[in-house]
Amino acid sequence: MVKVIVGTQFGDEGKGRIIELFSKSADVVARYQGGANAGHTLIIDGNTVVFHLVPCGIIYPNTMCVIGNGVVIDPEALINELTNLEKYGFKAGKRFFISNSAHIVMPYHKSKDDITGKIGTTHKGIGPCYEDKYGRRGIRMIELLYPEFFKEKLKTLVSSVDFQPMYEQYCKYGEILAPYIADTTALMNKWIQEKKEVLLEGAQGLLLDIDHGTYPYVTSSNPHSGGACTGLGISPTCIDEVIGVVKAYTSRVGEGPMPTTMAPDIEEAIRSRGKEYGATTGRPRRCGWLDIVLLKRVLMTNGIKKIVLTKLDTLDEMSKIKICTKYVPEANFALPELMYKTQPVYEELDGWQTPISDIRDYKKLPAATKKYVEKISELLNVEIVAICIGPQKDATIFL
Ligand code: IMO
Ligand code: MG
């Protein structure tokens, strides 16, 4: 089975945890786009561990982990992350593979990332690195294995003052990462042919997709399920299932429209209960009600038939819960100026106003919780395979 797991909103849906959950039975976990802008938080033995580039599957000792060609890699961030993971006992060893064709984030990418702050990026150099990729002047992982070629190219890209220290630094990164650099396209296809259980881990969210998100307030890659094919070199025909991770409400960090913004007092309560602060940048996230209009479009364009609903317990204290079912005037997704002007129309449901985190049986959840879950399933016409109701490892109920 080849499954893609994607965030369906603006990122931070709780993908890390869901990927961890599904990784347990996976032979291979692979990232296909984005870079160290991602921040997937896992609680491991009471410690909060944030993953930026390494697939969450690394926590299972026999799982193969792949960073695909579609990812942009900051070698320094990756080495730091591997070192940190080793402290927790997670060793990359011979089961960690980096695509030789993945592009490298350079210091000059980071220094020119969204200088004006118009987009509110994570400043990890993601946009400028993809710009160079598409401008056909990018540097790829394989070049670190051939310093003589790398040297000639780098000379054409940076000033003579910057050249030598940067060259030496990146050659060092290359030496450290060399054991992992591989033809991951060949490996992925081999494993798929061998009928391995394969999990493809999306970063960011589908509304941040460069083509299908709220452009220009997006990231510079395709979190779209199709990005998994180009970002790993596998065929669309080998993908069996796309699972969407939906947070029980909406959040957004960075600029751009989010029509279902909550009233400030409710937003503050949700932000604090849901710990809605960026895992990569620490910025407070904007919070809003669940947006069925946007979700319907995302489910349609990505072929999502199953979802996991996360962070339901964040809504525990709400007396009323709103769901946006349409926009007036009808939303035009392609132009943020129109998205900013549109007004969401809500359906209002009763809240459950009681803690649900310790419940492990769906039937025992408050009636209002079940009503909210079932309403979402009905409005989206989708199967909800699991719900997350608390931060504890076992606080997930499979339906
Ligand atoms: P995970 O994988 C939430 C947002 C940034 C900004 C926009 C572009 O943890 O869900 P970029 O640095 O990518 O050029 O910034 O995208 N963004 C994310 N928001 N979660 C993420 O990742 C994000 N990665 C990027 O805040 O608005
Ligand atoms: Mg995150």
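Residues numbered from 1 in each chain as written. Chains lettered and ligands numbered in written order. Predicted model: local features only at pLDDT ≥ 70, side-chain atom pairs only at ≥ 80, totals over all residues. Heavy atoms only, no water.

Each helix and strand counted, the protein chain has 12 helices and 19 strands in total. Over its C-alpha trace the protein chain gives a radius of gyration of 21 Å, about what one expects of a compact globule, namely 21 Å for 399 residues. Out of the 399 residues belonging to the protein chain, those deemed buried represent 57%. Summarising the internal contacts of the protein chain: among those between residues at least 6 apart in sequence, 74% fall at separations of at least 24. Accessible area of the protein chain: about 17,100 Å², with a carbon and sulfur share of 53%. Distance between charge centres in the protein chain, computed from 48 positive and 47 negative side chains, equals 1 Å. (Helix = DSSP H or I, 4+ residues; strand = E, 2+ residues; numbered from the N terminus. Rg over C-alpha atoms; globule rule 2.2 N^0.38 Å. Buried < 20%, exposed > 50% of the residue type's maximum accessible area, 1.4 Å probe, protein only. Contact = heavy atoms within 4.5 Å. Areas by Shrake-Rupley, 256 points an atom, 1.4 Å probe, with all protein chains shown as cover. Lys, Arg positive; Asp, Glu negative; His and termini not counted. Charge placed at Lys NZ, Arg CZ, Asp CG, Glu CD.)

In this section: the coordination of the magnesium ion (ligand 2). Protein-derived ligands of the magnesium ion (ligand 2) are D12 (OD) and G39 (O), with the metal-ligand distances lying across 2.1 to 2.4 Å. Here the residue D12 occupies a position in the loop between β1 (2-7) and α1 (15-23), and G39 occupies one in the loop between β2 (28-31) and β3 (40-44), the gap between them amounting to 27 residues. (Donors = N, O, S within 2.8 Å, 3.2 Å for Na, K, Ca; no water.)

Moving on, we get to the sheet that holds strand β18 (residues 383-388). Read from one edge to the other, the open sheet built from 10 strands follows the order β9-β7-β5-β2-β10-β1-β11-β15-β18-β19, with strand pairing classed as mixed. The sheet is open, and its two edges are formed by β9 (181-182) and β19 (396-398), each paired on a single side. The pairing of β2 with strand β5 (residues 64-67) spans four bridges and is classified as parallel. Of the residues in β5, the one forming a bridge with A30 is V66. (Pairing = 2+ DSSP bridges.)

What follows covers the site of ligand 1. Around ligand 1 there are 20 residues in total, and K15, N37, T122, Q204 and T219 lie nearest to it. Here T219 contributes a side-chain N or O atom positioned 2.6 Å from an oxygen atom of ligand 1. Contacts to ligand 1 include V253, whose backbone N or O atom sits 3.0 Å from an oxygen atom. Here ligand 1 has 550 Å² of accessible area as a free molecule, and 98% of this is covered by the chains. Its residues placed into classes, the shell around ligand 1 shows seven nonpolar, 10 polar and three charged. (Near = heavy atom within 4 Å. Polar contact = N/O pair within 3.5 Å; in protein donor to acceptor, adjacent residues only side chain to side chain. Nonpolar A, V, L, I, M, F, W, Y, C, P; charged D, E, K, R; others polar.)

Our focus in this paragraph is the pairing of strand β16 (residues 320-328). Across two bridges, the pairing between strand β14 (residues 290-291) and β16 is parallel. Along β16, the bridge assignment pairs D291 with C324. Sheet analysis places β16 next to strand β17 (residues 343-350), joined by eight bridges and oriented antiparallel. Opposite I323, over in β17, you have E347 as the bridge partner.

Frequently, the measure chosen for interface size is the accessible area that the parts lose on association. Once the domains are mapped, the protein chain shows domain 1 (2-238) and domain 2 (246-398). On a C-alpha basis, the centroid separation for the pair domain 1 and domain 2 is 27 Å. Across the contact, 37 residues belong to domain 1 and 40 residues belong to domain 2. Taking both partners together, domain 1 and domain 2 bury about 2,800 Å²; carbon and sulfur atoms supply 57% of that area. (Domains from an automatic or database assignment. Buried area = accessible area lost by both parts, 1.4 Å probe.)

Attention now goes to unusual backbone geometry. In this model, Y215 is joined to P216 through a cis peptide bond whose omega is 5 degrees. Along the chain, the position of P216 falls in the loop between β10 (198-201) and α8 (227-230). A cis amide bond, omega -10 degrees, links V328 with the succeeding residue P329. Take P329: it is sitting in the loop between β16 and α11 (336-341). Positive phi, close to 55 degrees, is recorded for K311, a residue that is not glycine. As for its position among the elements, K311 is in the loop between β15 (306-310) and β16. For K311, a relative accessible area of 22% gives the class partly exposed.

Let's shift gears to the packing of aromatic side chains. If you walk through the whole model with that rule in mind, you get eight aromatic pairs. Here the aromatic residues F150, F163 and Y167 are joined through ring pairs into a cluster of three or more. (Phe/Tyr/Trp six-rings, centres within 6.5 Å; stacked < 30°, edge-to-face > 60°.)

The next subject is the sheet that holds β16. Pairing is mixed across the open sheet formed by three strands, whose spatial order is β14-β16-β17. A strand with exactly one partner marks an edge of an open sheet, and here the two such strands are β14 and β17. This element, helix α10 (residues 292-302), spans β14 and β16 of the sheet and lies at about 65 degrees to β16. (Axes fitted to C-alpha atoms, helices over the stretch in contact; angles between N-to-C directions.)

This brings us to the nonpolar core. Among the nonpolar cores identified, the biggest contains 71 residues, and M188, L200, L312, L315, Y372 and I387 are the most heavily contacted of them. In contact with L312, other than residues within four places in its own chain, are A248, W352, I356, T369, Y372, V373, I387, C388 and I389. Residues V29, I59, L144 and Y167 belong to the second largest nonpolar core, which totals 55 residues. (Core = buried A, V, L, I, M, F, W, Y, C linked by side-chain atoms within 4.5 Å.)

A word on the state of the cysteines. All told, the structure shown has zero disulfides when counted by the stated rule. Here C65 stays free of any disulfide, with the sulfur of C56 as its closest cysteine sulfur at 8.9 Å. C388 carries a free sulfur, and the closest cysteine sulfur to it, the one in C56, is 13 Å from it. Among the residues examined, C388 registers a relative accessible area of 1% and is labelled buried. (Disulfide = S-S within 2.5 Å.)

Moving on to the pairing of β2. In the case of a regular strand, side chains alternate between the two sheet surfaces. Judged by which residues are buried, β2 turns out to be covered on both faces: V28 and A30 on one side and V29 and R31 on the other are all buried. Judged from the four bridges that link them, β2 and β10 form a sheet pairing that is parallel. Residue V28 lies in a different strand from β10, and its bridge partner there is V198.

We now examine the pattern of salt bridges. Taken as a whole and assessed by the stated rule, the structure comprises 21 salt bridges. For E13, the salt bridge goes to K15, with nearest N and O atoms at 2.9 Å. Neither residue differs from the other here; E13 and K15 are each classed as buried. Close ionic contact of K196 with E194 constitutes a salt bridge, the shortest N to O distance being 3.6 Å. Given the relative accessible area of 30%, K196 is considered partly exposed. (Salt bridge = Lys/Arg side-chain N within 4 Å of Asp/Glu carboxyl O.)

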